[in-house]
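Take a look at the letters that make up each chain.
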Amino acid sequence: MAKVKQVGLLAAGCQPWNKDVCAASGDRFAYCATLAIYIYQLDQQYNEFKLRSIMSEHKKTITAISWCPDNPDLFASASADNLLIVWNVAEKKSVARLDNTKGVPVSVSWCWNSADGVAFVSQRGPLYIWVYRGPDPGVTVHKEAHSFLSDICLFRWHPTKKGKLVFGHTDGSLSVFQPGSKSQKHVLRPESLEGTDEEDPVSALEWDPLSTDYLLVSNLHNGIRLVDSEALACITSFCFPSAAASVQCLAWVPSAPGMFITGDSQVGVLRVWNVSRSTPLDSFKLKKTGFHALHVFNSPLAKKAQSSCSPSKSQYTSSTSEAVPPPTLSQNRSFSLPPGHAVCCFMDGGVGLYDMGAKKWDFLRDLGHVETIFDCKFKPDDPNLLATASFDGTIKIWDTNTLTAVYTSPGNEGVVYSLSWAPGDLNCIAGATSRNGAFIWDVRKGKIITRFNEVSRARPRVSEPNHTMHSVMRLSVFLQHGKNGIFCISWSHKDSKRIATCSGDGFWDMIATGCEDKNVRVYYLATSSDQPLKVFTGHLAKVFHVRWSPLREGILCSGSDDGTVRIWDYTQDACINVLSGHTAPVRGLMWNTEVPYLLISGSWDYTIRVWDTRDGTCLDTVYDHGADVYGLTCHQSRPFTMASCSRDSTVRLWSLTPLISPLLLNILTDQPWEKIIGNTDTAMVPGSPLLLCGKVSRDIKQELDKLSFDIRAKKLRWFSECFSPPGGSSNLWDLVSVINGQDDSLLPASYSKGVMHMKHLLKFKTSEAQELTIVKMSKFGGGIGAPSKEERLKEAADIHLRLGQIQRYCELMVELGQWEKALSVAPGVSMKYWKKLMQRRADQLMAEDNDDAIPYCVATGDIKKLVTFFSGRGQLLEALLIAQGACEGNIRAPQSSAGNHTTNDVDNRQQYQSLLHKVCKDLAEWYFQDGCSVLAACCHLAVDDIELAMSSLIRGNELELAACVGIVLREAANQSTAYCLQLLARKYMTNPTWELSADLLRMIPDNHVLLAKLCAFYPGSAAEINQLHERCGLPSLEECKALAGEAVNEGDLFSAVKFHLLSPEPEVALQIGINHLKEQLAGSDWTVDDVQPILDLMSYIRTDRLITTKTTEARSELLILCGYIGALLAIRRQYSSIVPALYEYTSQLLKRREVSVPLKIEQLSVELDAWRACAQANSIPPSECQREEFSCLQRRIQPSHKGALLLCGADYVTGSNLPSHSDLQLSCFTGQRIQGPVFLLEDNKSAISLNDALMWAKVNPFSPLGTGLRINPF
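Everything numeric here is computed off the predicted structure, so don't read it as measured data.

When you go through the protein chain residue by residue, the secondary structure sums to 30 helices and 56 strands. In the protein chain, which comprises 1274 residues, the proportion classed as buried is 57%. Counting every atom, the protein chain has about 52600 Å² of accessible surface; 49% of that belongs to carbon and sulfur.

Counting buried positions over the 10 residues of helix α15 (residues 946-955) gives eight, a clear majority of the element. The complete set of buried residues in α15 reads I946, A949, M950, S951, S952, L953, I954 and R955. N957, located one to two residues past α15, shows a positive phi value of around 60°.

Where strand β50 (residues 608-612) lies against strand β51 (residues 617-622), five bridges are found, and the strand directions are antiparallel. Of the residues in β51, the one forming a bridge with V610 is D620.

Here we take up unusual backbone geometry. At the junction of G125 and P126, the peptide bond is cis and its omega measures out at 0° in the coordinates. Assignment of secondary structure puts P126 in the loop between β11 (117-121) and β12 (128-131). Note the cis peptide between N991 and P992, where omega equals 5°. Positive phi is not limited to glycine here, since Y606 has a value of about 80°. One can find Y606 in the loop between β49 (598-603) and β50.

What the rule picks out here adds up to 40 aromatic pairs. Seen in terms of ring centroids, F374 and Y630 are 4.9 Å apart; in terms of plane orientation they differ by 75°. Their pairing is edge-to-face. A residue pair is termed long-range when its members are at least 10 positions apart, and F374 in strand β30 (residues 373-379) and Y630 in strand β52 (residues 629-635) qualify at 256 residues. On the accessibility criterion, Y630 (12% relative accessible area) is buried. Positioned above the aromatic ring of F928 is the side chain of R955, whose terminal nitrogen or guanidinium carbon lies 4.0 Å from the ring centre. Over the ring of Y1100 we find R1270; its NZ or CZ atom is 4.1 Å from the centre of that ring.

Taken N-terminus to C-terminus, the directions of helix α4 (residues 711-723) and helix α16 (residues 959-969) make an angle of 155°; their axes are 10 Å apart at the nearest point. Considered as vectors, α4 and α16 are oriented roughly antiparallel to each other. Relative to α16, the crossing made by α4 is left-handed. Only L961, C964, I967 and V968 of α16 make contact with α4, whose side of the interface consists of R712, A713, L716 and S720. Per-class residue counts for the contact of α4 with α16 are six nonpolar, one polar and one charged.

For helix α26 (residues 1112-1133), which comprises 22 residues, the first-to-last C-alpha distance of 31 Å matches the rise-based estimate of 32 Å (1.5 Å per residue) to within 8%. Among the residues trailing α26, Q1134 stands out with phi positive, at a value near 65°.

Pairing in this open sheet of four strands is antiparallel, and the strands run β22-β23-β24-β25 from one edge to the other. Each having just a single partner strand, β22 (247-252) and β25 (282-287) make up the two edges of the open sheet. Averaged over all neighbouring strand pairs, the angle between strand axes comes to 25°, with direction disregarded.

Turning to its location among the elements, S420 is positioned in strand β34 (residues 416-421). The spatial distance from the C-alpha of S420 to the C-alpha of G431 is 6.6 Å, given a sequence separation of 11 residues.

Of all residues in the protein chain, 87% have pLDDT values of 70 or greater, and the mean over the chain is 85. Low confidence marks residues 454-482, where pLDDT is under 50. Its contacts with residues over four positions away, or in another chain, come to 102 contacts. Counting interchain partners and residues more than four positions distant, the pLDDT-below-50 stretch residues 776-783 has 18 contacts.

Ranked by size, the top nonpolar core spans 208 residues in total, and within it L668 and Y1143 carry the most contacts. With near-sequence residues (within four places) excluded, L668 lies in contact with R712, L716, A963, C964, I967, L981, L984, L1000 and M1003. If you look at the next biggest cluster of nonpolar residues, it comprises 40 residues, including A12, M55, V89 and V343.

Next up on the list: the pattern of salt bridges. Side chains that differ in sign of charge can pair as their charged atoms come close. Enumeration according to the criterion identifies 43 salt bridges in this entry. K379 serves as the salt-bridge partner of D381, at 2.4 Å between the closest nitrogen and oxygen. Between E1184 and R1187 there is a salt bridge, and its shortest N-O distance comes to 3.7 Å. With E1184 and R1187 both in helix α29 (residues 1184-1197) and three residues apart, this pair spans about one turn of that helix. Here R1187 falls in the partly exposed class, since its relative accessible area comes to 42%. Connected through salt bridges with shared partners, the residues D43, E48, K50 and D930 form a single ionic network.

Our next topic: the state of the cysteines. By the definition in use, this model includes zero disulfides. We note that C920 lacks a disulfide partner, and the nearest cysteine sulfur, in C939, lies 6.4 Å from it. Residue classification places C920 among the buried positions, given a relative accessible area of 1%.

Attention shifts here to the packing of helix α5 (residues 729-739) against helix α14 (residues 933-941). Where α5 contacts α14, the axes come no closer than 9 Å and their chain directions differ by 20°. It follows from the interaxial angle that α5 and α14 lie roughly parallel. Where α5 crosses over α14, the two elements pack in a sense that is left-handed. Contacts from S729, N731, L732, L735, V736 and I739 in α5 reach V934, L935, A937, C938 and L941 in α14.

Here is what the cut-offs are and how they apply
- Residues numbered from 1 in each chain as written.
- Predicted model: local features only at pLDDT ≥ 70, side-chain atom pairs only at ≥ 80, totals over all residues.
- Heavy atoms only, no water.
- Helix = DSSP H or I, 4+ residues; strand = E, 2+ residues; numbered from the N terminus.
- Buried < 20%, exposed > 50% of the residue type's maximum accessible area, 1.4 Å probe, protein only.
- Areas by Shrake-Rupley, 256 points an atom, 1.4 Å probe, with all protein chains shown as cover.
- Pairing = 2+ DSSP bridges.
- Phe/Tyr/Trp six-rings, centres within 6.5 Å; stacked < 30°, edge-to-face > 60°.
- Lys NZ or Arg CZ within 6 Å of the ring centre and 35° of its normal.
- Axes fitted to C-alpha atoms, helices over the stretch in contact; angles between N-to-C directions.
- Parallel < 35°, antiparallel > 145°, perpendicular 65-115°, else oblique.
- Left-handed = near helix turned anticlockwise from the far one by under 90°.
- Contact = heavy atoms within 4.5 Å.
- Nonpolar A, V, L, I, M, F, W, Y, C, P; charged D, E, K, R; others polar.
- Expected span 1.5 Å × (residues − 1).
- pLDDT = per-residue confidence, 0-100.
- Core = buried A, V, L, I, M, F, W, Y, C linked by side-chain atoms within 4.5 Å.
- Salt bridge = Lys/Arg side-chain N within 4 Å of Asp/Glu carboxyl O.
- Disulfide = S-S within 2.5 Å.

And the structure:
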């Protein structure tokens, strides 16, 4: 199993240079980054779009994509490497490739007459048609579409007129071809171009879906025309409000005949048109940056139906429309957008799905890098902010908790190769560019404040005439670059006035450089000499990066184009190790700041490798990036969270914690400091135990030494936060502190930004609304698209309304001039207030001499309806606010007369509390299904549901975190903590961590049987086994044999099996236990809880004894029984994805093995069919026999102890929802591609998802391959 875990993905933006870069079909839409295609799909349960897959087999820029009109699972893509690929979206793989398109395709489209044919064209043609499958595959040339006089921009097949197509050219003309008619080449140029050689490329081209001859054409400079391709005439020329407006994209709206939309290329204005008039019907500014591409879904999205008690609305709305009145319209422009969804791509890489009917974004990724990301760095004083530098000329800053961009530099810098944060909280970034030298960007002011284009100090200290350097750190001088690009830059964190540019890495007063001549040089800055102190030779190609070890003085590494990483010892003047494994140039290098021998490298072979530099071992290889890996970084306060960036335009976040998880267990089991923190020399001894040697761990120890109470809780929290990636760990610990009674004044400022405890929700949200009203700016300034005062007041008003503070909402609406909204809800305060507000409005209207009528409505205060409304649209956070407001009595229906309504309020309070818990549970499940099990746990803790919070962490396989939290929560989490510790103990039942496993089990009360299982499974010699028995307080091997005989005589079957397993002859335990189980299963009144304890105990027999020849029959029977009981446990726990696999596993073993167990394959089939019919979504109702069979199953799986811990629901680990670029792995359970982490079985070929492996191991400890080996995916 992989030791590096992917925990976050910052997707690339949409590229802005090719035309056909977005498409949609059914409930999916796609857009192109430079090298990959991103597929988003509607999640029906939550009515939101989620990233489902990334298609990335192209090695050069993707130039066009096209979705198959006849099969929503197929689409085609073309790229600049003369490659055309047909993809199957459902299977997430390519199904056909054309490796030589005889030119770069500029436009691609599926053929009108075949779902197996793709047409493509490049430059001046001809039009090629590729039939990729069928009886006659191959590439042919269109009979007429060739020999053009001007380059082709794009082409379109007519959607209904078979074989008709049109080409748009760079000279502004069109070429029309139709079977049976004369070809019309280079016609319908804009009138202003007739008789000239000027070019005005066709920027957009779309056939009218209701006409055989009409089409819309847009030219870059001459606007939009509706033309008749048959009569070769212009029907209408459309006029823009401003001469500066230009259009690069347009799309028909299928739900509204004659209507189309356009996107302005300069500013993000969406314009709505009808062919009946030459001016736009309406326009909406959606973003500050211009449109690049548009695509409207051909059919309305089939979203989850929403139950509503309100009458049907006459205006167009979708099931996810926000509950706000339509915008106020002027008298001469009363218009409503038709229903429909438009995929919008913008020049800054932003991508969104706009619901035109509801006038809102259903999905918006505001911006993203559109090209190679060369560098990434965490902000020194904030581990949650990550800056990235890209080929697209911008630096962007990302919030790693929300995975969204919060700031972007002005751009237009050429290529930004490197960046460096200013020290502390200066909030500035230095950038190194290809053409504009170096610059400093003030994030607070949002502008470039300084540029360095030439020399800043006269004498360069790090240069030689015969080599070129590529990067540098902590230099006290500026180097002269002239017109050359700067590849690396660094801000001195000792002296904020010093910046260095060049190629290398500094250590105190020494600087190391990687050079073009294959050498590594070390300079001493305190001297006046420009000669290196040392020159290290050994690399066979250019050295691009060097990095000094932060923990080992004099040690540095270098990455080279020869594919190796070399470790150098400055004090020994030697190369002490060569790390080989990469198959292409090495670019990214990063030392871990806590473990001195841990080094991470990134390469052009698309991989990230983790190295143990003591012996050169590669500990793990990560394949998830889809192109060259450049930057690697981590934050000192979170040393085991790494960010990487790549030519695939993504930034990915990784957890390195699995590499050091035994260390966290030492902290969890309260081991002495000597087993946690050590010195570098000790840690560097090969084979020595893992130790922390960095500043963060030592700082934590120093702070703990100052405490006199609550030491263990603080120790668990601080180390847990240090080891955990972003995504809610701090939020979780804040909620644990609240539940344990910590004073609210000690909560950090970040608490109010996360999931809050319900007793704090209204207080903090009210405070947030007040801050918005005051319009205070953050210390960074406004950030991307900083809202105006009006926008902030509107946001504040919305918060007040959701909190039930209606009067404050009304006053803010009045301040905004939106009297109608204020009046419509004023009765929710009181009729007296409503009348007063009416009078104030009347006074104003009279002063303005305006006699317009004033609309109003009554606020109903129907809490259940509001919660149902928001929950039905997936707006669970909004529903949560409403429910909590109701619980605190802030939302009431307006009262028409005075009276005592206390009784009704009390009656409703219990209902509201129940509603609040339901909404929190729904919100937790939403987080959980999004791969955020920690935030799901936060939602449960917010309403004091500790058991469900622990369940979320365990189901997300956050076992170490769950154990830490459970220990701090004490008695309230005892059962869950014990189960979590058992799973962790199973994880470490392997060499060399048996003792650690025993320590974990000793933390559990009543642990005798658990320790017996551990000792039974231990594979050592007799002396070693007896030694472990003694540590665990168990008798010796021979004593256990005697005790087993006594238990048999006394009829104590469980003890007999237990002591036989602990004896020198554990096979006897199988004979006794299996015979007993067979007798039970032969009856009709047994339950799972009757047989499972002994079955689980027997499963801990030592593997070497289980797989011997003489135990073949017993082994087969044990595996069959474990498979069958495991299937029943899976049904109980709702592990739906593995139930069929467990039944199939049991059936196959019954077929292949000679056994005498009371199970029949036919009965297993009947049970599985009954479960499928009764428990799974099915259009066919179950038969009476199936109902009876399922009822019998339910009786068998019913828990016998009411207070027993029962964790229900499928496991879903962090990263399960993150698509990767890695090689396909097909599940041996389903035959389908595995999304998320993969678990390889013992043959190193068969694979299942990690989620399925975890669930399998919790109900059946043996491998799905039937070998008798235990499975350990924890």
